[in-house]
Amino acid sequence: MGEREMGSSEFSWKLADHPKLPKGKQVAVVVLDGWGEASPNEYNCIHIADTPTMDSLKNGATNQWRLVKAHGKAVGLPTDDDMGNSEVGHNALGAGRIYAQGAQLVDLALESGKIYEGEGFKYIQECFETGTLHLIGLLSDGGVHSRLDQLQSLLKGVSERGVKRVRVHILTDGRDVLDGSSVGFVETLENDLAKLREKGIDARIASGGGRMYVTMDRYENDWDVVKRGWDAQVLGKAPHTFKSAIEAVKKLRAEPKANDQYLPPFVIIDENEKPVGPIIDGDAVVTLNFRADRMVMIAKALEYENFDKFDRVRYPKIHYAGMLQYDGELKLPSHYLVSPPEIERTSGEYLVKNGIRTFACSETVKFGHVTFFWNGNRSGYFNPDMEEYVEIPSDSGITFNVKPKMKALEIAEKARDAILSRKFDQVRVNLPNGDMVGHTGDIEATIVACKAADEAVKMILDAIDQVGGIYVVTADHGNAEDMVKRDKSGKPLLDKNGNIQILTSHTLQPVPIAIGGPGLLPGVSYRNDLPNAGLANVAATVMNLHGFEAPSDYEPTLIEVVDN
Ligand SMILES: O=C(O)[C@H](O)COP(=O)(O)O
Ligand SMILES: [Mn+2]
Ligand SMILES: [Mn+2]
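Calculation criteria
Residues numbered from 1 in each chain as written. Chains lettered and ligands numbered in written order. Predicted model: local features only at pLDDT ≥ 70, side-chain atom pairs only at ≥ 80, totals over all residues. Heavy atoms only, no water. 1 Å grid on protein atoms, 1.4 Å probe; cavity = no way out; pocket = protein on both sides within 12 Å on 5 of 7 lines; lining within 4 Å. Points joined across faces, edges and corners; volume = space filled by probe spheres on them. Nonpolar A, V, L, I, M, F, W, Y, C, P; charged D, E, K, R; others polar. pLDDT = per-residue confidence, 0-100. Contact = heavy atoms within 4.5 Å. Donors = N, O, S within 2.8 Å, 3.2 Å for Na, K, Ca; no water. Helix = DSSP H or I, 4+ residues; strand = E, 2+ residues; numbered from the N terminus. Buried < 20%, exposed > 50% of the residue type's maximum accessible area, 1.4 Å probe, protein only. Tetrahedral: all angles 85-135°; square planar, octahedral: opposite > 155°, others 65-115°. Pairing = 2+ DSSP bridges. Near = heavy atom within 4 Å. Polar contact = N/O pair within 3.5 Å; in protein donor to acceptor, adjacent residues only side chain to side chain. Areas by Shrake-Rupley, 256 points an atom, 1.4 Å probe, with all protein chains shown as cover. Sits in = over half its atoms within 2 Å of the grid points. Axes fitted to C-alpha atoms, helices over the stretch in contact; angles between N-to-C directions. Core = buried A, V, L, I, M, F, W, Y, C linked by side-chain atoms within 4.5 Å. Expected span 1.5 Å × (residues − 1). Salt bridge = Lys/Arg side-chain N within 4 Å of Asp/Glu carboxyl O. Phe/Tyr/Trp six-rings, centres within 6.5 Å; stacked < 30°, edge-to-face > 60°. Lys NZ or Arg CZ within 6 Å of the ring centre and 35° of its normal.

Moving on, we get to the layout of surface pockets. Of the voids in this model, the largest pocket is the one considered here, and its volume is about 780 Å³. Around the largest pocket, the lining comprises 27 residues; the ones closest to its centre are Lys485, Leu503, His506, Thr507 and Leu508. Tallied by class, residues from the lining of the largest pocket come to seven nonpolar, nine polar and 11 charged. Put simply, the second largest pocket is a space of about 630 Å³. As for the second largest pocket, its lining consists of 26 residues, of which Asp179, Asn259, Thr440, Ile502 and Thr504 are closest to the centre. The residue inventory of the lining of the second largest pocket, partitioned by class, reads seven nonpolar, 12 polar and seven charged.

As a further point, take the confidence of the model for the protein chain. Per-chain confidence: the protein chain averages 97 in pLDDT, with 98% of residues scoring 70 or above. Note on residues 1-6: pLDDT is under 50 here. Beyond four places in sequence and across chains, it has 19 contacts. As a predicted assembly, this complex carries a pTM of 0.96 together with an ipTM value of 0.99.

Looking now at the coordination of the manganese ion (ligand 2). Bound to the manganese ion (ligand 2) are the protein donor atoms Asp33 (OD), Ser86 (OG), Asp476 (OD) and His477 (NE2), situated 1.9 to 2.1 Å from the metal. Between consecutive donor residues of the manganese ion (ligand 2), the sequence gaps follow D-x52-S-x389-D-H. Between the manganese ion (ligand 2) and the manganese ion (ligand 3), the interatomic distance is 4.3 Å. With aspartate 33 in the loop between strand S1 (27-32) and helix H1 (45-48) and aspartate 476 in the loop between strand S14 (470-475) and strand S15 (511-516), this pair connects stretches of sequence that are 443 residues apart. We note that aspartate 33, like aspartate 476, is buried.

Let us now look at the coordination of the manganese ion (ligand 3). Protein ligation of the manganese ion (ligand 3) involves Asp435 (OD), Asp435 (OD), His439 (NE2) and His506 (NE2), the donor distances falling in the range 2.1 to 2.4 Å. Around the manganese ion (ligand 3), the six donor atoms sit at angles spanning 57 to 165°, and that spread fits a shape best called irregular. For the manganese ion (ligand 3), the donor residues sit on a single chain with the sequence spacing D-x3-H-x66-H.

In this section: the pairing of strand S9 (residues 319-324). Burial analysis of S9 places five of its six residues in the buried class, the great majority of the element. Sheet analysis places strand S8 (residues 284-287) next to S9, joined by four bridges and oriented parallel. Bridge assignment links valine 285 to a residue of S9, and that residue is tyrosine 320.

Our focus in this paragraph is the site of ligand 1. Around ligand 1 sit 17 residues in total, of which Ser86, His145, Asp176, Arg291 and Arg294 are the nearest. Within the side chain of arginine 175, one N or O atom sits 2.8 Å away from an oxygen atom of ligand 1. Here an oxygen atom of ligand 1 sits 3.1 Å away from a polar atom, N or O, in the side chain of histidine 477. Here ligand 1, which alone exposes 310 Å², has 100% of that area covered by the protein. Put simply, ligand 1 lies in the largest cavity. Residue composition of the shell around ligand 1, grouped by class: one nonpolar, seven polar and nine charged.

So, on to the sheet that holds S1. Spatially, the seven strands line up as an open sheet ordered S2-S15-S14-S1-S13-S11-S12, and their pairing is mixed. Two strands in the sheet have a free side with no partner beyond their single neighbour: strand S2 (65-68) and strand S12 (387-392). Neighbour to neighbour, the strand axes of the sheet diverge by 15° on average, direction disregarded. Looking at chain direction, S2 and S15 are connected through four bridges and run antiparallel. Its bridge partner lying in S15, leucine 67 is registered against proline 512. Along the sheet face, helix H12 (residues 364-373) touches strand S11 (358-363), S12 and strand S13 (426-431) and points at about 150° away from the line of S11.

Looking now at the nonpolar core. With 81 residues, the main nonpolar core has Leu135 and Leu337 as its most contacted residues. Listed in part, the 74 residues of the second largest apolar core include Leu77, Cys361, Val472 and Val561.

Across the junction of leucine 332 and proline 333, the peptide omega takes the value -10°, indicating a cis bond. You can see proline 333 is positioned in the loop between S9 and strand S10 (336-338). Backbone geometry at arginine 345 places phi at a positive 50°, although glycine is not the residue there. The backbone of methionine 406 shows a phi angle near 45°, a positive value even though the residue is not glycine. Considering the arrangement of structural elements, one finds methionine 406 in the loop between S12 and helix H13 (408-420).

Here we come to helix H7 (residues 182-198). Here H7 spans 24 Å end to end across 17 residues, near enough to the 24 Å set by a 1.5 Å rise per residue. Residues of H7 that are buried: Ser182, Val183, Phe185, Val186, Leu189, Glu190, Asp192, Leu193 and Leu196. Where H7 terminates, the next one or two residues include glycine 200, which has phi positive at roughly 90°.

As enumerated under the stated definition, the model contains 38 salt bridges in all. Note that aspartate 33 and lysine 366 form a salt bridge whose closest N and O atoms lie 3.2 Å from each other. Residue aspartate 33 is found in the loop between S1 and H1, and its partner lysine 366 is found in helix H12; the two are separated by 333 residues along the sequence.

The subject of this paragraph is the packing of aromatic side chains. Counted under the stated rule, the structure contains 13 aromatic pairs. Seen from their ring centres, phenylalanine 11 and tryptophan 13 are 5.2 Å apart, and the 80° between their planes marks the pair as edge-to-face. The interplanar angle of 80° and the centroid separation of 5.2 Å between the aromatic rings of phenylalanine 307 and phenylalanine 310 together place this pair among those described as edge-to-face. Here phenylalanine 307 falls in the buried class, since its relative accessible area comes to 15%. Its relative accessible area of 10% is what places phenylalanine 310 among the buried residues. Among the aromatic side chains, those forming a connected cluster through ring pairs are Phe11, Trp13, Tyr350 and Tyr554. Lying across the ring of tyrosine 116, arginine 161 places its NZ or CZ 3.7 Å from the centre. Over the face of the ring belonging to tyrosine 315 we find arginine 312, whose NZ or CZ atom lies 3.9 Å from the ring centre.

Next up, the structure:
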């Protein structure tokens, strides 16, 4: 009944007091990014790494450590074959409920055809007669930011609704899918486009590049990434030109150390050496990704008349729509094909409105995860007098296997200082190492990364010890705990040269959640009636630890208080 006053149907932000748990304890909430639980073996970097702090939590009180689901339907993804990811993981952690997420909302809109009835589609359709439709997005079946089958379905849909000319600007993946898979995805897309051409539609791939080097930066870490994409997609300029995208991807991948994530930008040219598809006045543009974080920057470049992040050289008058609206607070972009999940009444907002002073911190590459995603894809503070969000600048222009410790120590120091200052009731951090280094596929570096994250956890737990507080240590999805692609029986898969296939992506594994600290009332333990609990059960748990009952529509708390 927390959200409603007794005897009144008026909505109220006031949370009911927890009948047993006290208020006033400082709570540290630590999210280890990409830290799942898997059987111990040589590809489990968390197991191999020296992680005494996390080991002691696991081997401590059995009723204060457990696993929760972090993938598939438990976090609002279409199927249980979908690995977890930061967006859906942090949404679930912060919102305390399971929302059908972007991937699924787009599926439903395409299946029902509703996508073609919305305002966003009508807006881009206005350009079909005389302009070109440009589709920009991540080309893979990873299902984290986008999905190839959704692009295929959209291509079919627009071809039946009057499109004359289509240009696809591809971003190769290798991060949510195996490195090297880009070639197959480009071949599939080329086949589809050839079929459209048979139907009289002028459809081609116009440009491309690797997702981590072209277009898909996030949280303004490095605008050069977006500029490289702009130059290729809009201006038709890139250091490499090719006659076909298959040739482009194959040749660029043949360079030493090349990989899908970091392919340089390229432009496809015609027999007169002219780019086949720059974006010009009168064209329509759709950014295909449903996930927000890596689309916000390009959306700003495409949408904002006034823009000073880089020199756009030419700013075409286009009709631009996102697959989804990426930022509800900024209303960015203003046109979109599918409405995003309406994540409201998040735990962060409730807690702030109930007097919980909140501190959140990570480094740039994950800063929006503990703020924007945690708060239901909402940027900014709920109440700036009650909250402080600190961003530690990430290294930019490097792959994180080069500096696997990243800013873990600096994040932990900020959290420690925030705890010891006693100015905050909740201190929340994301430690990126397991995930960001795990994505590089570099096993040695990922081991170093996991150790660094463990040391950061220790520093935060020590501070909680000093102030008599409570800790909650969990993760958003798996990554570093399994670095090899496996067959159905779990055996590592080999490539044609007999080498193991490195897994750069997330996993389907559950994640740990540990609670404890001197402020935790004796008698608090995990319930045993929620064996299938997931990340969405964490919000109610944290609210309880702050001394509140969670709203009645939240997923149930993981804990109970057993009277001794
Ligand atoms: O965007 C990325 O880096 C990956 O696709 C997913 O990683 P994340 O969900 O941990 O951010
Ligand atoms: Mn993550
Ligand atoms: Mn990740």
